[in-house]
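Coordinate inspection notes
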Amino acid sequence: MGTRTLALWAPDWPAVAAAVEYDLPPAAPIGVLTANRVVACSLPARRAGVRRGMRKRQAQSTCSELVVVSADPDRDGRLFAPVVSAVTAILPATEVLRPGLVVAPASGMRYFGSEENLAAAVVEAVADIGTEVQLGVADEMFTAVLAARRERFISPGADAKFLAELPIGELTAEPSLGGEGRTELADLLRRLGLRTLGAFASLAVADVGARFDADAVIAHRQASG
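Below, the structure is looked at part by part.

Here is what the cut-offs are and how they apply
Residues numbered from 1 in each chain as written. Predicted model: local features only at pLDDT ≥ 70, side-chain atom pairs only at ≥ 80, totals over all residues. Heavy atoms only, no water. Helix = DSSP H or I, 4+ residues; strand = E, 2+ residues; numbered from the N terminus. Rg over C-alpha atoms; globule rule 2.2 N^0.38 Å. Buried < 20%, exposed > 50% of the residue type's maximum accessible area, 1.4 Å probe, protein only. Contact = heavy atoms within 4.5 Å. Areas by Shrake-Rupley, 256 points an atom, 1.4 Å probe, with all protein chains shown as cover. Lys, Arg positive; Asp, Glu negative; His and termini not counted. Charge placed at Lys NZ, Arg CZ, Asp CG, Glu CD. Disulfide = S-S within 2.5 Å. Arc of directions from axis to C-beta. Axes fitted to C-alpha atoms, helices over the stretch in contact; angles between N-to-C directions. Parallel < 35°, antiparallel > 145°, perpendicular 65-115°, else oblique. Nonpolar A, V, L, I, M, F, W, Y, C, P; charged D, E, K, R; others polar. Pairing = 2+ DSSP bridges. Salt bridge = Lys/Arg side-chain N within 4 Å of Asp/Glu carboxyl O. Phe/Tyr/Trp six-rings, centres within 6.5 Å; stacked < 30°, edge-to-face > 60°. Lys NZ or Arg CZ within 6 Å of the ring centre and 35° of its normal.

Looking only at helices and strands, the protein has 11 helices and 7 strands in total. Taken over the C-alpha trace, the protein has a radius of gyration of 19 Å; the compact-globule value for 225 residues is 17 Å, and the two agree within 12%. For the protein, the C-alpha atoms occupy an extent of roughly 50 × 50 × 25 Å along the three principal directions. Expressed as a percentage of the 225 residues in the protein, the buried residues total 42%. In the protein, the proportion of contacts linking residues at least 24 apart, taken out of those at least 6 apart, comes to 56%. Looking at the protein as shown, the accessible area adds up to about 11,600 Å², and 52% of this sits on carbon and sulfur atoms. Each charge sign in the protein was given a centre, from 23 positive and 26 negative side chains, and these centres are 7 Å apart.

This next bit is on the state of the cysteines. In this structure the tally under the stated criterion is 0 disulfides. In this structure Cys41 is a free cysteine whose sulfur lies 9.7 Å from that of Cys63, the closest cysteine sulfur available.

Attention now moves to helix H8 (residues 182–191). The complete set of buried residues in H8 reads Arg182, Leu185, Ala186 and Leu189. On an axial view of H8, the arc spanned by its buried residues comes to 95°, and they lie on one face. Turned more than 90 degrees away from the buried face of H8 sit Glu184 and Arg191, all of them exposed. Looking at the buried residues of H8, the elements they touch are helix H9 (197–201) and helix H11 (214–223). Looking one or two places after H8, you find Gly193, whose phi comes out positive at around 90°.

Two elements in contact, helix H1 (residues 13–21) and helix H4 (residues 73–88), have axes whose closest approach is 9 Å; the angle formed by their N-to-C orientations is 80°. Classified by the angle their axes make, H1 and H4 are roughly perpendicular. Together, Trp13, Pro14, Ala17, Ala18, Val20 and Glu21 of H1 and Arg75, Asp76, Arg78, Leu79 and Phe80 of H4 make up the contact between the two elements. Classifying every residue of the contact of H1 with H4 gives 7 nonpolar, no polar and 4 charged.

To continue, consider the pairing of strand S3 (residues 37–41). In this sheet, S3 lies alongside strand S2 (residues 30–34) in antiparallel orientation, the contact comprising 4 bridges. Across the sheet, Val32 pairs through a bridge with Ala40, a residue of S3.

Time to look at unusual backbone geometry. A positive phi angle is found at Asp12, which is not glycine, with a value near 60°. The topology assignment puts Asp12 in the loop between strand S1 (5–9) and H1. We note that Glu151 has phi near 50°; this positive angle belongs to a residue other than glycine.

Tallied over the entire structure, the rule returns 10 salt bridges. Of the charged contacts, one joins Arg4 and Asp139 as a salt bridge, the two residues approaching to 2.7 Å between their closest N and O atoms. Taken together, the residues span a long stretch of sequence, with Arg4 in the segment before S1 and Asp139 in the loop between strand S7 (134–138) and helix H6 (141–148) at a distance of 135 residues. Close ionic contact of Arg98 with Glu174 constitutes a salt bridge, the shortest N to O distance being 2.9 Å. Of this pair, Arg98 sits in strand S5 (residues 95–98) while Glu174 sits in the loop between helix H7 (159–164) and H8; the two residues are 76 residues apart in sequence, bridging distant segments of the chain. Under the relative-accessibility criterion, Glu174 is labelled buried at 3%. One connected set of salt bridges, linked through shared partners, spans Arg4, Glu115 and Asp139.

So, on to the packing of aromatic side chains. Overall, the coordinates contain 1 aromatic pair when judged by the stated rule. An angle of 65° between the planes, with centres 5.1 Å apart, marks the rings of Trp13 and Phe80 as edge-to-face. Of the two residues, Trp13 sits in helix H1 while Phe80 sits in helix H4, which places them 67 residues apart along the sequence. Accessibility assignment for this pair places Trp13 and Phe80 in one class, buried. Geometry around Trp9 places Arg149 over its ring, the cationic atom sitting 4.6 Å from the centre.

Here it is, written out as structure tokens:
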């Protein structure tokens, strides 16, 4: 078996961090804003109809009880540090992609006996400090991150199969794994009739390189698993 990657994702981390900082109740609908747009929101806010990308006025009209806070990367990082420490105690090679998302090699952890046991140990360690997370495991980092969003363990060699049916918009799901033009790329691919990651992956590498920019080539490699 080659190297395997474990991804740990704390959903809505900027909103979670804001709730901790301001001692807000779990049921509070929270919207985190940058440049007058929602960049993250809590589950209660989403249930009320708030979405990322909404302007402040639209979000507040959608949810009158919305608690609006400004984005604060320092706050996000500071409050995520205990989570990183808990994971690093088990997986020393942990890499922080951003506050709320870390990845680490999952191979070679024979002490735990299986990837499932390893994941259970990580979840327990993080739960002890009061944080809920989702885990995913796959061969490649991009796949593992998308798997974590679905709480999936992808079998060795099955990355491409898992990715194939996912919508092309998943290229933009995690900004830390792509360039700034990913949204435009996904929109262009849809207009070309390529609506799944598998359809994009089916293009020849040379054609992608000739037609698109460097980040599109990286996205193609990611979509190919």
